[in-house]
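Chain by chain, the residues:
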Amino acid sequence: MSPLITDESHQCDVLPAPRLVSSLRVDPAHSPPSLVSYDADNTPGTEITATMSAEHPPDDALQESSSLSSRLAPATRKLCVRHQRMADEGTNVKLQQSLDALPVEEREAVNAIWSSFSSSPHSRRELILRGILTMCCFSQLSLLTEQLSQLIRIDPFTVLPREISLKILTYLDATSLCRAAQVSRRWRGLADDDILWRGICEQHIGQKCLKCGWGLPILEKRRNRGLPPASPLASPPPSVPKREITDASSSRPTKRPRAQMELHSHASTAGSPSPPASRSSSRSSRPGAEALSTRPWKDVYSERLTIERNWRRGRCQVRTLRGHADGVMCLQFSETLHHPSFPIVITGSYDRTVRIWNLETGAEIRCLRGHTRAVRCLQFDEAKLITGSMDHTIRVWNWRKGECIRTLRGHTDGVICIDFDTNVLASGSVDSTVRVWNFCTGEAFTLRGHRDWVNAVKLWDVTKSTTPPVDPCESPLRIDTGKMLFSASDDGTIRLWDLARRTCVQQFAGHVGQVQSLRLLELDDGCDEDANVRALNAVRISENTIPDNPAFDDSDAYTVIMHDNTVSPDHGHEGNVVLGLLSGRRGTRSKKPVLVSGSLDNTIKVWDIETGQAVRTLFGHIEGVWAVACDKLRLVSASHDRTVKVWDLEEGKCTATLSGHRGAVTCIALGEDKIVSGSDDGDVRIWNFSG
């Protein structure tokens with residue numbers, strides 16, 4: 001202690017010196033003196049000798065010790081942190097036992113030294129300690145070092161309130177929290193706190209973390225757990241009022257379903273999260289508790305981190321769907337449909353058929369026939385499936401029943417691409433035109449400007465109209481202001497159309513080959529879009545999965561080639577993970593829409609829509625790129641070179657190459673934990689990274 005501090009400000013209550021019963025029942029003439037302690041009511045200079053007198057019988061000594069202990073350690077006394085730990089560890093008892101092992105004369109000498117030191121003020125204590133240190137040899141100094149290394153350690157979480165402890169832990173990343181949970185039960189209870197892991201989930205899931213650069217998939221399909229199973233391809237039942245699933249016998253509202261708890265909406269304001277159900281027994285005692293049970297946010301994070309690591313390490317399982325008699329030209333899959341209860345993938349082929357598959361089992365569910373030539377494009381939602389064919393027609397299907405509802409005619413040549421939203425349908429054709437259709441009436445108008453095949457169209461709502469929405473059935477040719485359309489053509493250009501004015505407002509030129517695919521994506525405005533493309537790292541083969549099975553078909557073989565050794569997040573600069581969440585603030589990210597295009601010039605380009613300039617060009621394919629797909633975490637491309645490549649869009653480099661198709665890969669779809677690709681060889685491959 002510093003000598004400048006007064007004695008009164010450093011009073012410390014300690015436990016009285018433990019007196020063993022065995023030591024109290026020895027010969028009174030040889031009874032040892034006890035350790036010295038301070039009374040809460042006395043100043044530090046007051047000495048309590050409590051030496052047993054030879055005239056007192058043992059019973060009197062016990063009574064005296066009992067009264068002394070009651071006086072020195074009242075029930076309401078609060079010890080300092082160090083002496084409380086000494087009491088918990090029984091340090092005084094151990095020291096008393098060592099003292100009892102000495103002869104009486106030595107015990108008295110040691111006790112005199114301790115008594116003198118304990119009765120000294122802090123300034124004199126420092127002087128005594130300095131003098132003792134000068135007399136110590138290395139063996140004693142070594143003992144001091146060993147003892148002090150343990151004595152000066154303190155567990156802050158045993159002293160601080162839980163709120164402050166959680167505040168400290170908000171500065172740790174996920175890896176550090178997991179390590180902290182291994183220290184002790186107390187640390188684990190704090191490090192596994194749900195509010196900490198909720199903040200980490202909100203920082204990483206569905207977007208790339210600004211600190212560590214890692215993003216985790218949302219896994220939207222996990223949010224449909226607990227829904228009752230439905231018969232395959234059955235029509236959706238009428239919606240059930242929300243109040244019907246609540247517990248009528250309880251006045252308290254039921255916990256939120258897992259669908260809402262697994263991932264908090266990033267658009268909502270930060271606040272105190274609802275605590276998770278911490279006891280399974282309490283859940284099971286209520287009706288429907290299993291369907292409404294929640295999981296810890298740490299489990300949510302761990303599940304998604306495993307999948308992201310599989311993406312980065314190239315660990316995947318491949319299933320092949322066979323059934324088409326010719327090349328597969330288009331596909332789409334969905335894992336979030338309420339009915340049927342399983343995910344489905346729909347494919348279109350040159351064999352003039354559209355096939356519906358169970359994505360989990362690989363079983364073919366239904367085959368739709370009606371087109372007289374190759375099916376080149378398709379898109380579906382909960383209610384309908386729309387297909388475009390080289391027979392110049394567009395068909396609208398009830399895909400659950402396999403019925404063709406309507407046939408749209410208007411193009412003078414084959415339909416290559418389609419895209420629709422709630423109001424309109426856009427289609428591109430071999431006749432070099434783009435037609436925009438009204439869903440209700442079938443009325444359409446034509447956009448002209450391309451000089452060759454229109455291979456891709458993409459609708460885009462620039463702004464949400466402040467005027468009430470217009471019923472498309474009432475005004476077939478009216479388009480809301482802000483409705484835009486991108487189109488890509490074999491003439492090497494991409495055009496942006498204003499559908500309200502029906503004019504081309506911008507043209508993107510840069511590809512030297514036919515543009516085959518378009519995708520829209522919103523990126524964080526802070527990312528380095530103007531950086532040059534980095535050279536590919538040394539290639540290493542991560543997996544070449546050919547099972548040792550005599551029945552294995554060689555056509556099922558595949559290879560995953562990794563181009564990046566990064567397999568774990570860099571948390572070196574990650575801190576303050578959920579500080580904004582606890583303080584009611586949330587970091588905002590401005591979103592910037594970008595356009596991604598794939599071309600037969602072997603490149604993929606990322607365009608700045610505002611300027612119309614290509615801000616990044618991705619090189620890697622040795623033949624033309626037929627299709628691209630992307631989300632906020634990655635981009636995938638399908639090429640005529642029979643490979644599928646996975647790209648880090650922000651860094652502009654290829655992270656993995658998937659090989660296995662025996663023909664050109666013509667279409668591709670990207671999910672949170674899988675890639676689905678179709679090829680000229682007639683196969684549909686599912687690359688599953690969920691492990």
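Each remark here, short or long, concerns the structure printed above.
Basis of the calculations
Residues numbered from 1 in each chain as written. Predicted model: local features only at pLDDT ≥ 70, side-chain atom pairs only at ≥ 80, totals over all residues. Heavy atoms only, no water. Salt bridge = Lys/Arg side-chain N within 4 Å of Asp/Glu carboxyl O. Helix = DSSP H or I, 4+ residues; strand = E, 2+ residues; numbered from the N terminus. Buried < 20%, exposed > 50% of the residue type's maximum accessible area, 1.4 Å probe, protein only. Pairing = 2+ DSSP bridges. Axes fitted to C-alpha atoms, helices over the stretch in contact; angles between N-to-C directions. Left-handed = near helix turned anticlockwise from the far one by under 90°. Contact = heavy atoms within 4.5 Å. Nonpolar A, V, L, I, M, F, W, Y, C, P; charged D, E, K, R; others polar. Phe/Tyr/Trp six-rings, centres within 6.5 Å; stacked < 30°, edge-to-face > 60°.

1. Comments concerning the pattern of salt bridges
All told, the structure shown has 21 salt bridges when counted by the stated rule. Linking Glu335 and Lys674 is a salt bridge whose minimum nitrogen-to-oxygen distance equals 2.6 Å. Linking Glu335 in the loop between strand E2 (328-334) and strand E3 (344-349) with Lys674 in strand E29 (residues 674-679), this pair joins segments that are 339 residues apart in sequence. Exposure remark for Lys674: the relative accessible area of 3% places this residue in the buried category. Within the structure, one salt-bridge network assembled from shared partners comprises Arg322, Arg662, Asp681 and Asp683.

2. Let's talk about the pairing of strand E6 (residues 375-380)
Across the six residues of E6, six count as buried, placing the element largely inside the fold. Sheet topology note: the E6/strand E7 (residues 385-389) ladder contains five bridges and is antiparallel. Bridged to Phe380 within E7 is Leu385. The turn linking E6 back onto E7 is made up of four residues.

3. Side note on the packing of helix H12 (residues 194-204) against helix H16 (residues 297-313)
It is at 8 Å that the axes of H12 and H16 come closest, and there the two elements cross at 35°. Between H12 and H16 lies a crossing of left-handed hand. In this structure, H12 uses Asp194, Trp197, Arg198, Ile200, Cys201 and His204 to contact H16, whose residues at the interface are Trp297, Lys298, Val300 and Tyr301. In the contact of H12 with H16, the residues fall into six nonpolar, one polar and three charged.

4. Comments concerning the sheet that holds E29
Strand-to-strand pairing in sheets goes through backbone hydrogen bonds, with the strands running parallel or antiparallel. Here we have four strands laid out as an open sheet, ordered E1-E30-E29-E28, and antiparallel in their pairing. Taken across any chain shown, the strands that pair with only one partner, and hence form the sheet edges, are strand E1 (317-321) and strand E28 (665-670). Averaged over all pairs of adjacent strands, the angle between their axes in this sheet comes to 20°, without regard to strand direction. Where E1 and strand E30 (residues 684-688) come together, five bridges link them in antiparallel fashion. Within E30, the position partnered with Gln317 by the bridge is Asn688.

5. A word on the packing of aromatic side chains
Under the counting rule described, the total for this entry stands at eight aromatic pairs. For the pair Phe380 and Trp399, a centre-to-centre distance of 5.8 Å together with 65° between the ring planes defines the contact as edge-to-face. Of this pair, Phe380 sits in strand E6 while Trp399 is found in the loop between strand E8 (393-398) and strand E9 (403-409), placing the two residues 19 residues apart along the sequence. Look at Trp399 and you get buried, because its relative accessible area is 0%. Between Phe486 and Phe508 the ring centres are 6.1 Å apart and the planes differ by 50°, which places this aromatic pair in the tilted class. With Phe486 in strand E15 (residues 483-489) and Phe508 in strand E17 (residues 503-509), this residue pair connects regions lying 22 residues apart in the sequence.

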